[in-house]
Amino acid sequence: MPDLCERPHIDGVPHIVMILWRGPTTVEQGLQAYLDSRDLTFNVTCLSADRDSSRFAQLVEQAKELEPDLLYTWGTSATLAAVGTYEEDAAVFPVSQTPVLFTMVSYPVQSKIVPNFDGSGRNLTGSSHTVPLESQLKAMLAYRDVTRIGMIFNPREDNSVLNMHEMRALTEEIGIELVAISVPLKERQDESDTEVEADRGDEEVSEGQPDPSTLPELIALMAAQDVQFLYIGPDNFVGTNQETIIGEALSYGIPSFTGTELEILDGDALVGLVTPYYNLGLLNGSLIERILLDGEAPETIPIGTLARFTYIVRMNVALRIGVFPPLDILEFARILEGESE
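This write-up is about the structure you can find in this document. (Residues numbered from 1 in each chain as written. Predicted model: local features only at pLDDT ≥ 70, side-chain atom pairs only at ≥ 80, totals over all residues. Heavy atoms only, no water.)

### Side note on helix α5 (residues 158-173)
Counted only if it meets this: Here a strand is any run of E in DSSP of at least two residues, a helix any run of H or I of at least four, and the numbering for each starts at the N terminus. Multiply 1.5 Å by the residue count of a helix minus one, and that product is the helix's expected span. Each residue is placed in one exposure class: buried if its accessible area under a 1.4 Å probe, protein chains only, is under 20% of its type's maximum, exposed if it is over 50%, and partly exposed if it falls in between. In this context, the arc is that of the directions from the helix axis out to the C-beta atoms. The contact criterion used throughout is that any non-hydrogen atoms of two residues lie within 4.5 Å.
Taking 1.5 Å as the rise per residue, α5 with 16 residues should run 22 Å; its terminal C-alpha atoms sit 23 Å apart, in good agreement. What α5 keeps buried is the set N159, S160, N163, M164, M167, L170 and T171. Around the axis of α5, the buried residues are gathered within 135° of arc, so they sit on the same side. Facing away from the buried side of α5 by more than 90 degrees, the exposed set consists of E172 and E173. Where α5 is buried, its residues touch α3 (76-83), α4 (133-143), β6 (148-153), β7 (177-182) and β8 (229-232). One or two steps after α5, the chain reaches G175, where phi turns positive at roughly 80°.

Below you can see the structure in the form of structure tokens.
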């Protein structure tokens, strides 16, 4: 059966436009499964940034022209590009006329997309996938004792910066040192990039995008400071470059802990406490049904989260670097034996 993005459109059914970061993911597979289980049909148009955040402004304009019945945005950057913050005078996308459902937003309140989890106060709602950072830190410390945690973050992503500040506050409370390194930004190569950023209304249009060529050097700096875990937070740049980041860390014998599925199911993170993306998609499907079919006002629908998380250990990585889980963790963790796909 074709995925949501490939199904032919049918006359007379609601139209959903999706602005995605890297095309359909397991989240959308779960969403599709929910709709299929309920025998619900929608026309879906998928617009992918193909991991290039500078494309979001263009995709938002395309979405406006399509005049959907609902706009679906994947991630913090896509959501902010479409609807801005609740403090702004007007959103880029006509959210007052068209409901918006966001997903995979790590910090919807701190990013000022919504004032609180109880409701947005405007024509949008959504879901957040992030496991509470305090729970992630406890899960990391349950695996091994640490005095120093490393973290690489993209200074151009709001969710990444917010995650870094929260992690610093939590580690300082319990006497753990956080070695947080910001990825250097590339100089702009041409005027077209600057024009795209100016259209988005960014204040620092002279700055470029994070430079992936610097990652081996940054990991070497962390290794020199004897970090015992590399923390992988909700960061699109880090996720895109996870193979380099996690691989370089492993070359120094440094394991990675992740709060998101991608880096452990499709990568070589050693351990993670994650929200299953598929389950988040099921939740999103129910929210779409409530908005488009049941007629609920999005501003009255609380931001959706999941209460159950999965503790995952990749045993082939543990064998590779000799950092094994305590026996009590094996009683409840999901163990991955083989290589990542």
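### Comments concerning the pairing of β7
Condition: At least two DSSP bridges between two strands are required for those strands to pair. Handedness is read with the strands pointing away from the viewer; a crossover is right-handed when the path from the first strand over the helix to the second is clockwise.
Pairing analysis gives six bridges linking β6 to β7, with the strands arranged parallel. Residue pairing for β7: R148 is matched across the bridge by E177. Between the parallel pair β6 and β7, the chain is carried across by α5, and the sense of this crossover is right-handed.

### Focus on the packing of helix α7 (residues 215-224) against helix α9 (residues 242-251)
Worth spelling out the cut-off: Between the N-to-C directions of two axes lies an angle of 0 to 180 degrees, each axis being a line fitted to C-alpha atoms and, for a helix, fitted only over the stretch in contact. Here a crossing is called left-handed whenever its near helix is offset anticlockwise from the far helix by less than a right angle, and right-handed whenever the offset is clockwise. When residues are grouped by polarity, Ala, Val, Leu, Ile, Met, Phe, Trp, Tyr, Cys and Pro land in nonpolar, Asp, Glu, Lys and Arg in charged, and all others, Gly among them, in polar.
Where α7 contacts α9, the two axes come as close as 9 Å, and the packing angle between them is 35°. Regarding α7 and α9, the two cross each other, and that crossing is right-handed. Together, L215, P216 and I219 of α7 and T244, I245, E248 and A249 of α9 make up the contact between the two elements. Split by residue class, the contact of α7 with α9 holds five nonpolar, one polar and one charged.

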